[in-house]
Amino acid sequence: MEIKNKYNSNKVVVIKLGQDDIDGMLLNHDLNDEGIYSYMENEFIESVMNYLPEYAMGQDPIPMSPVKIIPYLREAAKSIIKIKKIEEIKYYLDKKIPCKDWDQEILKFYNSKGIFSELILHFLLREFKNTVALISKIYFKDSFSHEAHGFDVVHVSNDNKLWIGETKFYNDGKRGLRALIDDLNTHFKHDYLKEQFVIISRALVHNNILREEWVDKLNSATRLEEKLNMIVIPLLCIYEDTVASEIITAINEGADADAIYLKHVSELKEYFDEKNTFINKERVQTLLILLPVESKNKIVSGMLSKIYSLQSI
């Protein structure tokens, strides 16, 4: 379980504000071909996509031989999302057409898919919180019933905590925070947790790592208080905001970019605390993760491009 910054991701994502209940994150920046600083969006997408096979397929050893790795990667990519209008997307990608010139209805369709933010949360927890995925997200998502969609991630850490996470990828940060609060109020109740613990226990049949230990823990926790005591709830809000452009402008002008960012994050954290109506918020450990980006479409289209390439190999 001693895996941290496996892909040197601390070079493409930086934690600007780290506290027990909040991580204010930001994409790192580097000089571009025009000699000015810009966000390392391509490197970020590459780092996230390194975790796609593990996210999709679980903790089974990834085959390393060329004969086995290609079908494995193709299966992992196909298992997480079915690409709609594949010929049109192929045209955009083959011609390297920027996302601003895509059919916006296509981007709107993919912007509504939770897979992208879920994969980013998986990546952030693995790289920065030293967690291990307890089960495959695909198994979790497809189990039990159509109503039981499952949590966005299910990880564990060395301190015997179960990391059950929720994510939002919105065009507005405050809307994302309100949606995360709704998830808290909906998902972290006795009946829902009981159902999800059953799903997780069944899923562990397909994952040998830590199986017996966590089956026992999940089955022995019968009271809501016991369940909440073993849980950490990471709440990831990725959102498009003008502050991202303001920060990169400040960096290029040699101004105090950190002050802009910290003021912005502090205001959102205050907003979250004011709006948080979760009845057990004082009894459970939550971690709010804020990640503003310049362009949601650019991140989503970049990840879609990687998934399409893997599906096509």
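Residues numbered from 1 in each chain as written. Predicted model: local features only at pLDDT ≥ 70, side-chain atom pairs only at ≥ 80, totals over all residues. Heavy atoms only, no water.

1. Focus: the pattern of salt bridges
- Per the stated rule, a full pass over the model turns up 13 salt bridges.
- Of the charged contacts in the structure, one is a salt bridge between Asp258 and Lys16, with a shortest N-O distance of 3.0 Å. A residue pair is termed long-range when its members are at least 10 positions apart, and Asp258 in helix α13 (residues 257-275) and Lys16 in strand β1 (residues 13-19) qualify at 242 residues.
- The class of Lys16 is partly exposed, set by a relative accessible area of 33%. (Salt bridge = Lys/Arg side-chain N within 4 Å of Asp/Glu carboxyl O. Helix = DSSP H or I, 4+ residues; strand = E, 2+ residues; numbered from the N terminus. Buried < 20%, exposed > 50% of the residue type's maximum accessible area, 1.4 Å probe, protein only.)

2. Quick look at empty space enclosed by the protein
- Following the criterion strictly, the structure yields two cavities of 30 Å³ or more and no others.
- In this structure, the second largest cavity occupies an estimated 40 Å³ of space.
- Mapped by element, the contributors of at least two residues to the lining of the second largest cavity are β2 (22-27) and β9 (285-293).
- Partitioning the lining of the second largest cavity into residue classes produces six nonpolar, no polar and two charged. (1 Å grid on protein atoms, 1.4 Å probe; cavity = no way out; pocket = protein on both sides within 12 Å on 5 of 7 lines; lining within 4 Å. Points joined across faces, edges and corners; volume = space filled by probe spheres on them. Nonpolar A, V, L, I, M, F, W, Y, C, P; charged D, E, K, R; others polar.)

3. Description of the packing of aromatic side chains
- Under the defined criterion, the tally for this structure stands at seven aromatic pairs.
- Here Phe44 and Phe123 contribute two aromatic rings whose centre-to-centre distance is 6.0 Å and whose plane-to-plane angle is 80°, an arrangement assigned as edge-to-face. In this pair, Phe44 sits in helix α1 (residues 41-49) while Phe123 sits in helix α6 (residues 115-128), placing the two residues 79 residues apart along the sequence.
- Centre to centre, the rings of Phe109 and Tyr110 are 5.0 Å apart; their planes meet at 85°, and the pair counts as edge-to-face.
- Judged by its relative accessible area of 30%, Phe109 is partly exposed.
- The structure contains a cluster of three or more aromatic residues connected by ring pairs, namely Phe44, Tyr51 and Phe123. (Phe/Tyr/Trp six-rings, centres within 6.5 Å; stacked < 30°, edge-to-face > 60°.)

4. Digging into the sheet that holds strand β8 (residues 231-240)
- Spatial strand order, β1-β2-β9-β8-β7-β6-β5: seven strands in an open sheet with mixed pairing. Two strands close off the open sheet at either side, each with one partner strand: β1 and β5 (132-133).
- In this structure, β8 lies alongside β9, joined through nine bridges in parallel fashion. Across the sheet, Ile238 pairs through a bridge with Leu291, a residue of β9.
- Docked against the sheet, α6 engages β1, β2, β5, β6 (153-156), β7 (162-170), β8 and β9, running at close to 135° with respect to β7. (Pairing = 2+ DSSP bridges. Contact = heavy atoms within 4.5 Å. Axes fitted to C-alpha atoms, helices over the stretch in contact; angles between N-to-C directions.)

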